[in-house]
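Chain and residue survey
The chain contents come next:
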Number of protein chains: 2
Amino acid sequence: MSLELCSTVSDFRDACDAIRASGRSLGLVPTMGALHSGHMALVDYARQQASSVAVSLFVNPTQFGPNEDLSRYPRDLAGDLEKCEAHGVSLIFAPPASEMYASDESTRVVVRGLTDGLCGAARPGHFDGVATIVTKLFAVVGPSIAVFGRKDYQQLKVVQRLVRDLLLPVRIFAHPTVREADGLALSSRNAYLTQEQRQRARAIPRGLLRAMHSFARGERRAVVLRDSVRDELGHAHLEAEYVTLADPESLAPVELGGAVGSTALLALAARIGSTRLIDNVVLGEETALSVSEEGSKAEGSEHA
Amino acid sequence: MSLELCSTVSDFRDACDAIRASGRSLGLVPTMGALHSGHMALVDYARQQASSVAVSLFVNPTQFGPNEDLSRYPRDLAGDLEKCEAHGVSLIFAPPASEMYASDESTRVVVRGLTDGLCGAARPGHFDGVATIVTKLFAVVGPSIAVFGRKDYQQLKVVQRLVRDLLLPVRIFAHPTVREADGLALSSRNAYLTQEQRQRARAIPRGLLRAMHSFARGERRAVVLRDSVRDELGHAHLEAEYVTLADPESLAPVELGGAVGSTALLALAARIGSTRLIDNVVLGEETALSVSEEGSKAEGSEHA
C-alpha cells in the first residue's frame with residue numbers, strides 16, 4: 001500500500017470512504033505534526049487495531065490562546081511523511097486552516113466540568129478547540145478506532161467523554177506516555193528547549209517519580225505528594241503553573257488538606273523560559289516512568 | 001418492509017447499520033413526536049430522497065428551559081406509530097431520556113451568533129440542546145439526508161450551520177411550513193389551544209400575510225413591516241414575545257429605523273394564554289401562506 005496525502009476535506013473524505021467501502025477498518029491518529037517517536041507509537045498501536053491507519057497533521061488554531069505558540073509551533077511535513085511511510089500509514093491529512101474552519105464558522109463542541117481545572121484553567125477555550133477539531137476529524141474519517149496519548153491526559157478524558165456523550169461510533173484507545181531514556185515525556189515542544197533547559201527539564205519526571213515512590217511507600221497526604229513534585233521543579237528553577245492531584249476519571253481536584261484514594265492523577269504544567277511542558281502519572285496504577293513498549297499497555301474504552 | 005421500533009441507542013444503531021450495509025440510503029426526520037401532517041410532509045419528502053426513512057420521537061429535555069412545557073408536551077406513541085406505518089417509515093426511535101443522556105453527561109454542541117436573537121434570546125440554552133441532540137442522532141443513524149421544517153426557521157439555520165461547521169456527512173433539506181386552511185402553521189403545541197384561542201391565533205398568519213402584501217407593494221421600512229404584524233397580534237390580544245426582521249442567512253436583525261433588502265426573514269413568537277407559538281415568512285421569496293404541496297418546495301443544502 002502506498003501513502004496518500006490529502007489536503008482537502010473532500011479528497012480526504014473520499015479516500016476514507018473508499019477504504020471503508022473496501023471492507024477495511026480505519027484507525028485515526030490525530031496529531032499536530034512534528035511527529036516524534038511518541039506519535040509513531042500511537043500509529044503502530046493503531047495499525048494493530050485497524051486494517052488501515054490515517055494520520056492527521058493539523059496545527060489547530062482554535063486550541064491556541066492569543067498569547068500562545070501557534071505561529072512558532074514546529075512544522076515538518078517532509079519528515080512527517082517519511083515517518084508515516086516507514087510506519088505503514090495509508091492516509092495523511094494535512095489541510096490548511098481554511099479547509100477546517102469557514103471564515104464565519106461558529107460551532108464549538110464544549111465539554112464542561114472536565115475542562116475546568118488543570119490545563120483548562122490556564123488555557124480558556126483550549127479544550128473547546130480540541131473537542132471541536134476531534135469531532136470534525138471523526139466526522140470526515142468515520143474511524144472505527146482512534147488513538148490518543150496519555151501524556152495529554154486531560155485531552156484524553158475530554159475526548160473519551162465527548163465520544164460517549166455524543167454517541168460517536170468510534171472506540172478510543174489510550175496509549176502510555178512515551179519517554180526519553182531520562183524520563184522526559186516526548187513532546188514536539190521539547191524542540192524549543194536549549195541544552196541547558198533540556199537538562200533542567202529532567203526535574204519533571206524526577207518529581208513525578210519521587211511522588212510515585214512516596215505513594216508506593218504509603219504516603220496519601222495530597223500536600224506531601226504535591227510538594228514532592230514542586231520541590232524538584234523549584235530546585236531546577238522551573239516555574240510550576242500547576243501541580244495538581246485529581247480524580248483520574250472526573251478530574252475533580254483532591255483538596256490539599258486531604259488524602260488521595262487508591263488512585264490519583266498527579267498532573268503538572270511547568271514553564272522553562274517561554275516553553276510550557278506538561279506531564280502526569282496516575283498514582284496507584286501500574287505505570288512505568290520509562291520508555292513504554294509501544295502499544296503494549298494501550299487500553300481501549302468502548303463508546304457508550 | 002415492516003416498521004421497526006427501537007428504544008435503545010444500541011438497537012437503533014444496529015438497525016441503521018443494517019440498512020446502510022444493505023446498500024440502502026437512510027433519511028432521518030428528527031421529531032419530538034405528537035406527529036401531525038407537517039411532520040408527515042417531512043417524512044414523505046425524506047422518502048423521495050432516501051430509500052429508507054427513520055423517524056426519531058424524542059422530547060429532548062435539554063432544549064426546554066426550567067419554566068417551559070417539557071412535562072406537559074403532548075405525547076402520543078400509538079398515534080405516531082400508526083402514522084409512520086401509513087407513510088412507509090422503516091425505523092422509529094423512541095428512547096427514554098436516560099438512553100440519550102448519561103447522568104453525568106457534560107457535552108454540548110454550541111452554535112454561536114445565529115442563536116443570539118429571535119427564540120435564542122428568550123430561551124437561553126435552547127439551541128445548545130437542539131444542536132446537541134441533532135448531532136447525537138446523526139452520530140447514531142449516519143443518515144445521508146435529514147429533513148427539517150421551515151416553521152422552526154432558526155433551528156433549521158442552526159442545524160445547517162453545525163452540519164457545515166462540524167463537516168458532518170449529511171445533506172439537510174428544508175421543507176416549507178405546512179399550514180391549516182386558515183393559514184395557522186401546524187404545531188404540536190396547537191393542541192394546547194382552546195377553541196377561542198385557536199380563533200385568535202389566526203392573527204399570526206394574518207399579520208404575516210399583511211406584511212407580505214405590504215412588501216410586495218414595495219414597502220421596505222422595517223418598522224412598518226413589523227408593525228403590520230404587531231397590529232394584527234394586538235387586535236387579537238396576543239402577546240408578542242418578538243416580531244423581528246432579520247437577514248435570512250446570518251439572522252442578524254434589521255434595525256427598526258432601517259430598511260430591509262431584497263429578502264428578509266420576518267419571524268415572531270407570540271403567547272396565547274400559556275401557549276407560545278412561533279411562525280415566520282421570508283419576504284421576497286416566492287412563498288405561499290397556504291397549505292404547502294408536500295415536499296414540492298423542499299430545498300437541499302449540501303454540507304461543506
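Just so it is clear, the structure is predicted and the values come from calculations on it, not from any experiment.

Brief notes about the overall build of chain A
Assigned secondary structure in chain A consists of 10 helices and 11 strands. Relative to its length of 304 residues, chain A is compact, with a C-alpha radius of gyration of 19 Å against a globular reference of 19 Å. Overall, chain A is about 55 × 40 × 40 Å in size when its C-alpha atoms are taken along their principal axes. Within chain A, the proportion of its 304 residues that are buried is 45%. By sequence separation, contacts in chain A at least 24 residues apart represent 72% of the contacts at least 6 residues apart.

Overview of the relation of the copies chain B and chain A
Mapping chain B onto chain A leaves a residual RMSD of 0.0 Å; the transformation is a rotation of 180 degrees accompanied by 0.0 Å of translation along its axis. One copy is carried onto the other by what is essentially a two-fold rotation axis. By C-alpha distance to the rotation axis, the residue of chain B lying nearest is Val109 of chain B, at 2.3 Å.

As for the domain arrangement of chain A
Residues and elements named next belong to chain A. Domain annotation for chain A reports domain 1 (4–179 + 293–301) and domain 2 (188–283). Contact with domain 1, which involves 14 residues of that partner, is made by 15 residues of domain 2. Those elements giving two or more residues to the side of domain 1 that touches domain 2 turn out to be helix 5 (119–122) and helix 7 (153–165). Per-element tally for the side of domain 1 that touches domain 2: the top contributor is helix 7, with three residues. When the residues that make up the side of domain 1 that touches domain 2 are grouped by side-chain class, the tally is eight nonpolar, three polar and three charged.

Remarks on the sheet that holds strand 10 (residues 275–283) of chain B
Residues and elements named next belong to chain B. Strands sit in the order 8-9-10 across an open sheet of three strands; the sheet is antiparallel. Because the sheet does not close on itself, it has two edges, and the strands there are strand 8 (239–246) and strand 10. The mean inter-strand angle of the sheet, taken between neighbouring strand axes irrespective of direction, is 10 degrees. Of the pairings in the sheet, the one linking strand 8 to strand 9 (residues 264–272) comprises seven bridges and is antiparallel in character. From the neighbouring strand, Tyr242 faces strand 9, where its bridge partner is Ala269.

Examining the sheet that holds strand 9 (residues 264–272) of chain A
Think of a sheet as strands paired side by side through backbone hydrogen bonds, with each pair either parallel or antiparallel. Residues and elements named next belong to chain A. In spatial order, the strands read 8-9-10; together these three strands make up an open sheet with antiparallel pairing. At either margin of the open sheet sits one strand with a lone partner, and together these are strand 8 (239–246) and strand 10 (275–283). Direction aside, neighbouring strands of the sheet carry axes that sit 10 degrees apart on average. Sitting on the sheet, helix 9 (residues 203–216) touches strand 9 and strand 10, and the angle it makes with strand 10 is about 15 degrees.

Concerning the nonpolar core
Across soluble globular proteins, you tend to see nonpolar side chains buried next to one another. Ranked by internal contacts, the top residues of the largest apolar core, which has 178 residues, are Leu266 of chain A together with Leu266 of chain B. Other than its neighbours up to four places away in sequence, Leu266 of chain B contacts Leu208, Ala211, Leu225, Val229, Leu245, Asn280, Val281 and Leu283 of chain B.

Section: the interface of chain B and chain A
Taken together, the contacts link 26 residues of chain B with 26 residues of chain A. The biggest single contributor to the side of chain B that touches chain A is strand 5 (residues 107–111) of chain B, with five residues. Where strand 5 (residues 107–111) of chain A and strand 5 of chain B come together, five bridges link them in antiparallel fashion. Counted as the bridge partner of Val111 of chain A is Thr107 of chain B from strand 5 of chain B.

Some points on the environment of Ala185 of chain A
Along the chain, the position of Ala185 of chain A falls in the loop between strand 7 (171–175) and helix 8 (195–200). As for Ala185 of chain A and Lys151 of chain A, which are separated by 34 residues in sequence, their C-alpha atoms are 7.2 Å apart.

Digging into unusual backbone geometry
Excluding glycine, residues mostly carry a negative phi; peptide bonds, for their part, are mostly trans. Of note, Leu118 of chain A is a non-glycine position whose phi angle comes to about 50 degrees, a positive value. Checked against the element boundaries, Leu118 of chain A lands in the loop between strand 5 and helix 5.

Let's talk about the packing of helix 9 (residues 203–216) of chain B against helix 10 (residues 222–235) of chain B
Residue and element names in this part refer to chain B. With their axes 8 Å apart at the nearest point, helix 9 and helix 10 run at an angle of 155 degrees to one another. In this view, helix 9 runs roughly antiparallel relative to helix 10, as classed from their interaxial angle. Like other packed secondary-structure pairs, helix 9 and helix 10 cross with a definite hand, here right-handed. Across from Ala203, Arg206, Gly207, Leu208, Arg210, Ala211, Ser214 and Phe215 in helix 9, the residues of helix 10 making contact are Val224, Leu225, Ser228, Val229, Glu232, Leu233 and His235. A per-class count over the contact of helix 9 with helix 10 returns eight nonpolar, four polar and three charged.

Criteria and thresholds
Residues numbered from 1 in each chain as written. Chains lettered and ligands numbered in written order. Predicted model: local features only at pLDDT ≥ 70, side-chain atom pairs only at ≥ 80, totals over all residues. Helix = DSSP H or I, 4+ residues; strand = E, 2+ residues; numbered from the N terminus. Rg over C-alpha atoms; globule rule 2.2 N^0.38 Å. Buried ≥ 20, exposed ≤ 12 C-beta atoms within 10 Å, placed from the backbone. Contact = placed C-beta atoms within 7 Å. Least-squares fit on C-alpha atoms with pLDDT ≥ 70 in both. Domains from an automatic or database assignment. Nonpolar A, V, L, I, M, F, W, Y, C, P; charged D, E, K, R; others polar. Pairing = 2+ DSSP bridges. Axes fitted to C-alpha atoms, helices over the stretch in contact; angles between N-to-C directions. Core = buried A, V, L, I, M, F, W, Y, C linked by C-beta atoms within 7 Å. Parallel < 35°, antiparallel > 145°, perpendicular 65-115°, else oblique. Left-handed = near helix turned anticlockwise from the far one by under 90°.

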